[in-house]
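Descriptive structure summary
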Amino acid sequence: MSIKHKTTIATGKRKTAVARVRVTDGEGRVRINNVPIYLHEPLMAREKILEPFLISGETAQKVDISIILKGGGPFAQAEAARMGLAQGLVKHTKSKKLR
């Protein structure tokens with residue numbers, strides 16, 4: 001018997017970059033194109049992507065996030081991922097405070 005987890009899907013766009021973000025209940029893992037976030041380069045892009053995750057506080061430790069990035073350059077992808085992540089966290093938690 002499988003356990004069902006709440007899943008939310010959001011998208012973010014910037015120039016020609018598109019990020020599809022899936023937020024599920026979990027342990028705080030973040031993956032970009034199936035690679036852990038701490039291996040994502042450049043560093044500035046990684047920090048930009050994680051900004052909404054850090055702002056959300058304790059909520060971030062209760063969800064797993066999978067981001068699929070396509071198109072654009074590294075910083076446009078980072079902006080798209082950031083937008084999608086922020087929207088996904090707000091949708092998933094339905095928190096007025098995060099909004």
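Residues numbered from 1 in each chain as written. Predicted model: local features only at pLDDT ≥ 70, side-chain atom pairs only at ≥ 80, totals over all residues. Heavy atoms only, no water.

Here we look at the pattern of salt bridges
Rules: The rule for a salt bridge is simple: a side-chain nitrogen of Lys or Arg has to be within 4 Å of a carboxyl oxygen of Asp or Glu. Summary of the burial criterion: residues with accessible area below 20% of their type's maximum are buried, those above 50% are exposed, and those between are partly exposed, where the area comes from a 1.4 Å probe applied to protein chains only.
For the coordinates displayed, the defined rule picks out six salt bridges. Notably, a salt bridge pairs Glu41 with Arg46, separated by 3.2 Å at the nearest N-O pair. Note on Glu41: relative accessible area 54%, which makes it exposed. One salt-bridge network, in which partners are shared between bridges, spans Lys48, Glu51, Glu79 and Arg82.

Re the confidence of the model for the chain
Low-pLDDT stretches of the model should not have their predicted coordinates read in fine detail. Selection criterion: Each residue carries a pLDDT score, the predictor's confidence in it, ranging from 0 to 100. The numbering of helices and of strands both runs from the N terminus, where a helix is a DSSP run of H or I of at least 4 residues and a strand a run of E of at least 2.
Residues with a pLDDT of 70 or more make up 98% of the chain, whose mean pLDDT is 91. Across the chain, element-level confidence peaks in strand S2 (residues 17-25) with a mean pLDDT of 96 and bottoms out in helix H1 (residues 43-55) with 91.

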